[in-house]
Amino acid sequence: MQKGFLSKKPYEPPSWASHLSPIPSHTFILGHFPTPIHKWNLPNLPEGTEVWIKRDDLSGMELSGNKARKLEFLMADVVSSGADCVITLGGMQSNHCRATAVAARSLNLDCHLIFRSPQDLEDKDPGLVGNLMLERLVGAHIYLISVGDLEFFLNSMAIANSLKNKLEKEGRKPYIIPPGGSNSLGNWAYIEAIREIEQQVQNSEEAKFDDIVAACGSGGTCAGISLGSRLSSLKAKVHAFAVVGTTEYFYYSTQKLIDGLQSGLDSHEIVDIIDVQGLGYGISTEDELQFIKKIAQATGIILDPVYSGKAAYGMFKDMASNPEKWRGRKVLFIHTGGLLGLYDKTEQIAPLVGECHKLEIDKSIPWQDITGKLF
């Protein structure tokens, strides 16, 4: 039995982050932490380069990845506010929306999810693929809106407030969680994760990491890692691979997030943001899916197609293009979960995997006769 699971507990920040403000008063225990760190035996790395992996994909199933970490802080604030339901937003296969729906139901709260939808699907049922299956199983209310990626994120609070006003007129008490759970409160999730990594490094005989790599989707994970690495003893260089938007947008949004904690730091000085969105948010190329298959078959690590898959693909391309940048470095890759998103790619993945074969049994092999046997 896990002690305290789904319970509220007081929060004390790391000593090196105690000057930040505001500091959360409590968290809810929603994930299984600490998550392990182990060496990732990737092929074709630059000379002397080591890649290790932080397995935040193992923090849970329905409640997993970086979203579980953020929701530990955010749901504590939801409950403290007296809200009876939550509103949040994301792409159609948003891991954040799925985790929020499960966390809300676990804490006896209703959940309202607003999804950005392609225009031709705005009036159609979104189906039950991947994250949508879990969201609808736990009874989340689903709403669709057709706008562009960046327009959706820039206007997310206006969109959410429109639904909030409607629910308040019905006598509800809604609480809005921004896309990806990325705000000043959500930042604390990966400040706390850096403390966890710092302790894991101190408790091992391994040298410190030179670099930390993670996907960047809504900016909160990127902001927390970058801030935590700079303030803690880690001092690793942080590389955030942006899967949506532009690098300029994410330097801006990261700055807003760290300013929200009165850090006094410049985002350009604490993180290297690299664009890997490719064809667009949640859209996979054949090369990207081939890479995910190759890594799965070579190492047993399964990457999601929207976040960590694109980040790892981008890291590999950067290592190949700029080997001197990575040569001799010890790199920590943070796997932020999201495996359910692979189910949205079955048609694209099917031609990439091996065929099944009928097994013919040799008639000379002894065979048990079941006549007269009871089971």
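Residues numbered from 1 in each chain as written. Predicted model: local features only at pLDDT ≥ 70, side-chain atom pairs only at ≥ 80, totals over all residues. Heavy atoms only, no water.

Looking at helix α1 (residues 65–81)
Here α1 is 17 residues long and its end C-alpha atoms lie 25 Å apart, about the 24 Å a rise of 1.5 Å per residue gives. The axis of α1 is deflected most strongly, by about 35 degrees, at Leu-71. Taken across its 17 residues, α1 has 13 buried, putting it largely inside the fold. Backbone geometry just downstream of α1 places Gly-82 in the positive-phi region, at approximately 85 degrees. (Helix = DSSP H or I, 4+ residues; strand = E, 2+ residues; numbered from the N terminus. Expected span 1.5 Å × (residues − 1). Bend = angle between axes of the 7 residues up to and from the residue. Buried < 20%, exposed > 50% of the residue type's maximum accessible area, 1.4 Å probe, protein only.)

Quick notes on the sheet that holds strand β3 (residues 37–39)
Read across the open sheet, the 6 strands follow the order β3-β4-β12-β9-β10-β11; overall the sheet is mixed. One side of each edge strand has no neighbouring strand; the edge strands of this open sheet are β3 and β11 (272–275). Strand-to-strand twist in this sheet, taken as the mean axis angle between neighbours without regard to direction, amounts to 25 degrees. Pairing of β3 with strand β4 (residues 50–55) involves 3 bridges; the strand directions are antiparallel. The residue bridging Lys-39 from the neighbouring strand is Trp-52, located in β4. (Pairing = 2+ DSSP bridges. Axes fitted to C-alpha atoms, helices over the stretch in contact; angles between N-to-C directions.)

Looking at the UniProt feature "active site" (unreviewed entry) in the protein chain
The feature "active site" (unreviewed entry), as given by UniProt, occupies Ser-94 in the numbering adopted here. In this structure, Ser-94 sits in the loop between β5 (85–91) and α2 (95–106). Ignoring sequence-local partners within four residues, the contact set of Ser-94 consists of Phe-115, Asn-131 and Glu-135. A polar side-chain atom of Ser-94 sits 3.3 Å from the main-chain amide nitrogen of His-96. (UniProt positions renumbered as here; feature names shortened; annotations may be inferred. Contact = heavy atoms within 4.5 Å. Polar contact = N/O pair within 3.5 Å; in protein donor to acceptor, adjacent residues only side chain to side chain.)

Things to note about helix α7 (residues 220–231)
One full turn of an α-helix is made of 3.6 residues, so residues set three or four places apart face in the same direction. For α7, with 12 residues, the first-to-last C-alpha span of 16 Å sits near the 16 Å given by 1.5 Å per residue. Most of α7 sits inside the fold, with 10 of its 12 residues counted as buried. Within α7 the residues assigned to the buried category are Gly-220, Thr-221, Cys-222, Ala-223, Gly-224, Ile-225, Ser-226, Leu-227, Gly-228 and Ser-229.

What to know about unusual backbone geometry
Residue Ser-21 is joined to Pro-22 through a cis peptide bond whose omega torsion reads 5 degrees. Following the sequence through the fold, Pro-22 ends up in the loop between β1 (8–10) and β2 (26–28). For the peptide bond that leads from Phe-33 to Pro-34, omega is 0 degrees, which places it in the cis range. Of note, Pro-34 is situated in the loop between β2 and β3. The backbone phi angle of Asn-44 is positive, close to 60 degrees, even though this residue is not glycine. Of note, Asn-44 is situated in the loop between β3 and β4. Look at Asn-108: it is not a glycine, yet its phi comes out positive at around 65 degrees. Tracing the sequence through the fold places Asn-108 in the loop between α2 and β6 (110–116). Here Asn-108 falls in the exposed class, since its relative accessible area comes to 66%.

Points about the packing of α1 against helix α6 (residues 184–202)
Their axes nearest at 8 Å, the elements α1 and α6 cross at an angle of 125 degrees. Judged by the inter-axis angle, α1 sits oblique to α6. Once α1 is placed against α6, the crossing between them reads as right-handed. Here α1 contributes Gly-65, Asn-66, Arg-69, Lys-70, Phe-73, Leu-74 and Asp-77 to the contact with α6, which in turn contributes Leu-185, Gly-186, Trp-188, Ala-189, Tyr-190, Glu-192, Ala-193 and Glu-196. Class assignment for the residues of the contact of α1 with α6 results in 7 nonpolar, 3 polar and 5 charged. (Parallel < 35°, antiparallel > 145°, perpendicular 65-115°, else oblique. Left-handed = near helix turned anticlockwise from the far one by under 90°. Nonpolar A, V, L, I, M, F, W, Y, C, P; charged D, E, K, R; others polar.)

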